[in-house]
Structures are given as structure tokens and as C-alpha cells.
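# A structural walkthrough
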Amino acid sequence: MKGSKLLLLLLLASSLYLSAVIAAQETCPADLDSKCEGGASDDWEGEFFPGIPKIKYEGPKSKNPLAYKWYNAEEVILGKKMKDWMRFSVAFWHTFRGNGADPFGAPTKAWPWEDGTNSLAMAKRRMRAHFEFMEKLGVDKWCFHDRDIAPDGKTLEETNANLDEIVELAKQLQAETNIKPLWGTAQLFLHPRYMHGAATSPEVKVYAYAAAQVKKALEVTHYLGGENYVFWGGREGYQTLLNTDMKRELDHLATFLQAAVDYKKKIGFNGTLLIEPKPQEPTKHQYDWDVATAFAFLQKYGLTGEFKINVECNHATLSGHSCHHELETARINGLLGNIDANTGDPQVGWDTDQFMTDIAEATLVMSSVVKNGGLAPGGFNFDAKLRRESTDVEDMFLAHISGMDTLARGLRNVDKLIEDGSLDELVRKRYQSFDSEIGALIEAGKGDFETLERKVLEWGEPTVPSGKQELAEMLFQSAL
């Protein structure tokens, strides 16, 4: 018995020693309850994602969920590296501020580094986690709202000071990682002051506050080296026309945007200004309903040379269009500047902000991007969020890997379609009658009605050929 007890004590001591050695070798985990060199710290010790390696390309045959199967950043396709076609970006708000809450349920996500506060210390810890995430994912761009990265203060001065403090940390982390913002923006929809809108609010003090907030956000985006700046009019619209002067609100919105153009030039910011259309939600009707509506607005107020469009795919479907339609409408009008890469669910009637995983949709999206010659200085921002039920830290990586691989596969499919040429030839043949002498006359704007009437009398009843839609769909599907 004594010998057994002694052996048990020796084994226990050995086990405790081994555990201590292993613990000393482990990277300090991103957990508020962990003890690293004397206790938890707001400065944070060690990695935020200790169990996640740097994500690498392993090819289509890989079974590793934490690897790219289709996105090979340095591979050249259609004359450009994949990373230059894509210009992927992580959205700070969904990835690091999303908590899984919805209109019917409380938050479901509690990331290990979060302490439940909206303090400056927490904002700094969150920013460090964000940069580690991007480095491991292999993405060198990010997007942010001003209020996502820094907490509101009691006054505008205090709020700006909070933002400055976080921006200085972001600037430092950018220098260490060579990661830069794809774009920045001001959050003009969450605070109660913006319940009637910002630039379209009927209260002049709110309009002025929004102007001051955008001024600061433009300065911050410029300071961090952002390549674009986005305007999303989440509450720039109306709930009812009974209490709304639509003309006055639209005039105010145009004046606001012109002032932003003027200030952008004054501070030397050369980034592109982008408008992001959305039909409704949270307001019943938002003024930038879709790309065509936004284009008409820009034309009316003489702003077409100053703005491009940020197309969000889920917004496109809410407006009754496909993402492909919105991209083509923007592209053919010289307005395609950026894509918020997400998608919706046909069974759900609101903006679900899901990661795009449909290969066919991604192929159509990439066909517009290729025809556009790319998106630079814009890119693909993952304005998408984890599902409410996805609560593992690993899910953050899996979602982005899946979205990046889906779009990369879309690019590879476009390359196959172009190389095959059959679909392009089908489209060419469908319009070949306009390559005739009379067709060229029409397209040159010289096809007057008298001339066309004479040709009809000469030709007789026209023969209308088949549209070959089924063949077009077959050719498209063959590339998937």
C-alpha cells in the first residue's frame, strides 16, 4: 500500500510538472480568463486565434477546411494575378461587431476576447484581433464604419478623440502588416438622432451633425490610406409621403454629397466616392433604390463625374434585380466601383447578408468584373456575417475561405467561357444584323424614320430568329 501511494504521488508530481512545461510552451490563448505573465491584460498577450494557422492554397483536391481550394493569390488568370482581380476586404462591422442578434433573439456570439463593454480598451483589443485575423486569412484590405471601431463619447469632441486614439493604433498595425483600408464610411443610421435620416433629416441640426461626422470620417479614411469612401443611405428615405417633402429632401441630399466632394478635394483625398443602393430596410423607401435610380440622381444633380457605385448583391435582390443585372447596369454606365460580396436567401424577405457560395452566381459576378477590366481601386468587400447559429471562432475563417474560394472559382469559370468562346459567339450572332450597312447607320444615330420605312417596304415582313436561351444556358452551365 505504501509503495502504491508513493508511486501515485510520483506520477501526480510528474504529471503536474509535464503540464507546467506544456503550458509554458503554449501560446497564450485569447481568453479573458487566462493568466499570462501575471494575469489578464487589456494589452493582451499572445495570439487571438492560437489554433488557426495562416491559410494557404492547397488546391481543389484538399480536404483541409482551413485551406484555399480555388483561390491562389499569385496565380495569373486572364492577364492578372487572382489577388488583383479580387482585392478582397474584411468588413469590420460584421466580422468583429456582429453578435448573432436578430429582431427575434438575443446575441448568440461571445468571442473570447470580448469583455461586454464598449470601452476604448476593448476597441483596441478588438482592433488587434482584427489585424491578426486578416494576416492569417491572407487579406490585405479592410472596411469600417467610424462608430464600429471606436465608441461614441458624450460630445462630438470626445467621440472624435476616441476615434483618433483607435485610428492611431490601426495606423501602427497597418505599418506592421502592410494592410490598408479598401474604404471607410460614417455610420449615419444607428444613433437615435438619425431616425428621420441624416442628410435628408427635416431637422437642420441633424444635417449639420451628419456633415461633421462625415468630415471626420473622410479625414480618418484619408489618414489611414483608404482607397474609397462609401455613402450608404440607410435612413435616407421615408416611411410615408404624407409627412415628407421628397423634393426638398433629395435637394438636401445632393447638397450634402456635393459638400463631401468639395471637402474631399480640399484635404487632398484622391479616393473614389461610392454610393451603395438599397431599396428599403430600415426605411420603407430609400432614395438610392437601385443602380439605375442612383445613376438618375447623380445625373440630375451633376454628380456623375464624382461618384461610382458600390453594388451589394443582397441589396440587388431586394430591389427585384439579380446582382448580375445591377453590376451590368453600373458597368455599362461607367459607374462600377466596388462590390459588397454577399447574397440573400430566396425564402427570406430581408437583408440576410450571407456569404456567397453559389458558383453560378459567382461566375456571373466575375463576368461583369472581367468585362470591367477589374475593380481597382475598388474590390470585393465581404459585407457578410456568420449565421446566428455559427458560434465557433473557427467559423469566422471558414466563412471567408468559402466566400473567397467561390469567387475565385467564378473567375476560373469565366476564363473557361472566354477560352471556349461559344457563348460570346452566340451573343455576337444574335446581333449580327446590326453589323449590316443599315444597322451601322442606326447605331451611328443616322437611321431616320423615312429611310427605315423605305427599307421595310423593300424587305417585307422580317424573319425573327430564335433567341437560343436554352443553348446559352447550356453553354454557361458547361463551364461550372
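Further up the page is the structure itself.
Residues numbered from 1 in each chain as written. Predicted model: local features only at pLDDT ≥ 70, side-chain atom pairs only at ≥ 80, totals over all residues. Heavy atoms only, no water.

### Let's talk about the pattern of salt bridges
Stated precisely, the cut-off is as follows: Salt bridges are defined by distance alone: a side-chain nitrogen of Lys or Arg within 4 Å of a carboxyl oxygen of Asp or Glu. Note on exposure labels: buried denotes an accessible area under 20% of the residue type's maximum, exposed denotes more than 50%, and partly exposed covers the range between, all computed with a 1.4 Å probe on protein chains only. In this text, helices come from DSSP runs of H or I with a minimum length of four residues, and strands from runs of E with a minimum of two, each type numbered from the N-terminal end.
In total, this model carries 22 salt bridges according to the counting rule given. Measuring nitrogen to oxygen at the nearest pair gives 2.8 Å for the salt bridge that ties K81 to E74. What makes K81 partly exposed here is its relative accessible area of 30%. Close ionic contact of R388 with D102 constitutes a salt bridge, the shortest N to O distance being 3.9 Å. A residue pair is termed long-range when its members are at least 10 positions apart, and R388 in the loop between strand 14 (380-382) and helix 13 (394-420) and D102 in the loop between helix 3 (92-97) and helix 4 (120-137) qualify at 286 residues.

### With respect to the environment of A91
Quick reminder of the rule: Residues count as neighbours in contact if any of their non-hydrogen atoms are within 4.5 Å of one another.
Looking at the secondary structure, you find A91 in strand 5 (residues 88-91). With 283 residues separating them along the chain, A91 and G374 place their C-alpha atoms 20 Å apart. Not counting residues up to four positions away in its chain, the partners in contact with A91 are C143, N381, F382 and D383.

### Remarks on a nonpolar patch on the surface
Stated formally: Residues qualify for a patch when their relative accessible area is over 30% and they have no salt bridge, like charges being joined within 9 Å and the nonpolar side chains of Val, Leu, Ile, Met, Phe, Trp and Tyr within 5 Å. Method for areas: the Shrake-Rupley scheme with a 1.4 Å probe, in which residue coverage is limited to the protein chains shown.
Taken together, the side chains of V427, Y431, F434 and I442 make up a nonpolar region of the molecular surface, amounting to roughly 350 Å² of accessible area. Mapped onto the fold, Y431 is located in the loop between helix 14 (422-430) and helix 15 (437-443).

### A short note on the nonpolar core
Keep this limit in mind: Among buried residues, the Ala, Val, Leu, Ile, Met, Phe, Trp, Tyr and Cys ones that are joined through side-chain atoms within 4.5 Å form a nonpolar core.
In terms of nonpolar packing, the biggest core is built from 103 residues, with M86, M127, L137, W142, I149, F380 and L407 touching the most fellow members. With 9 residues, helix 13 is the largest single contributor of residues to this core. Residue contacts for I149: discarding those within four places in its chain leaves F92, A123, M127, W142, F144, L163, I166 and V167. Counting 7 residues, the second-largest nonpolar core is a separate cluster that includes A91, W93, W183 and L274.

### Notes on the state of the cysteines
As a reminder, the rule being used: What counts as a disulfide here is a pair of cysteine sulfur atoms lying within 2.5 Å.
On inspection of all chains with the given rule, the structure shows 1 disulfide. One disulfide in the model links C313 with C323; its S-S distance is 2.1 Å. The sign of the -45 degrees torsion about the S-S bond sets the C313-C323 disulfide as left-handed. Of this pair, C313 sits in helix 10 (residues 313-318) while C323 sits in helix 11 (residues 323-332), and the two are 10 residues apart along the sequence. Each member of the pair, C313 together with C323, is buried.

### Some thoughts on the pairing of strand 13 (residues 336-340)
For the record, the criterion: By the convention used here, strands pair only if DSSP detects at least 2 bridges between them.
Extensive coverage of strand 13 is indicated by the burial of 5 of its 5 residues. Examined bridge by bridge, strand 12 (residues 307-312) and strand 13 share 4 bridges and lie parallel to one another. Bridging from a neighbouring strand, N310 pairs with N338 of strand 13. Two strands pair when backbone bridges link them, and strand 13 and strand 14 are joined in this way by 2 bridges, in the parallel orientation.

### Points about helix 6 (residues 156-177)
Spacing of three or four residues puts side chains on the same side of an α-helix, whose turn is 3.6 residues. For clarity, the cut-off: Residue count minus one, scaled by 1.5 Å, sets the expected span of a helix.
Taking 1.5 Å per residue, 22 residues should reach 32 Å; helix 6 reaches 31 Å between its end C-alpha atoms and fits that length. The complete set of buried residues in helix 6 reads T159, N160, N162, L163, I166, V167, L169, A170, L173, Q174 and T177. Contact partners of the buried residues in helix 6: helix 4, strand 6 (141-145), helix 5 (146-149), strand 7 (180-185) and helix 7 (204-223). Backbone geometry just downstream of helix 6 places N178 in the positive-phi region, at approximately 65 degrees.

### Details of the side chain of T283
With respect to the helices, strands and loops of the structure, T283 is situated in the loop between strand 10 (272-275) and strand 11 (285-286). You can call T283 buried: its relative accessible area is 5%. Excluding residues within four positions of it along the chain, T283 makes contact with G234, R235, G237, Y238 and Q239.

### Overview of the packing of helix 4 against helix 13
Rule in force here: Fitted lines through C-alpha atoms serve as axes, helices being fitted only where they are in contact, and the angles separating the N-to-C directions of these axes extend from 0 to 180 degrees. Working rule for angles: under 35 degrees goes down as roughly parallel, over 145 as roughly antiparallel, 65 to 115 as roughly perpendicular, anything else as oblique. Crossings are sorted by hand: turned counterclockwise from the far helix by less than a right angle, the near helix makes the crossing left-handed, and turned clockwise it makes it right-handed.
Relative orientation of the contacting elements helix 4 and helix 13 amounts to 45 degrees, with a least axis distance of 11 Å. Compared by their axis directions, helix 4 and helix 13 come out oblique. Where helix 4 crosses over helix 13, the two elements pack in a sense that is right-handed. Two secondary-structure elements touch here, helix 4 through F133, K136 and L137 and helix 13 through M396, F397, H400, I401 and M404.

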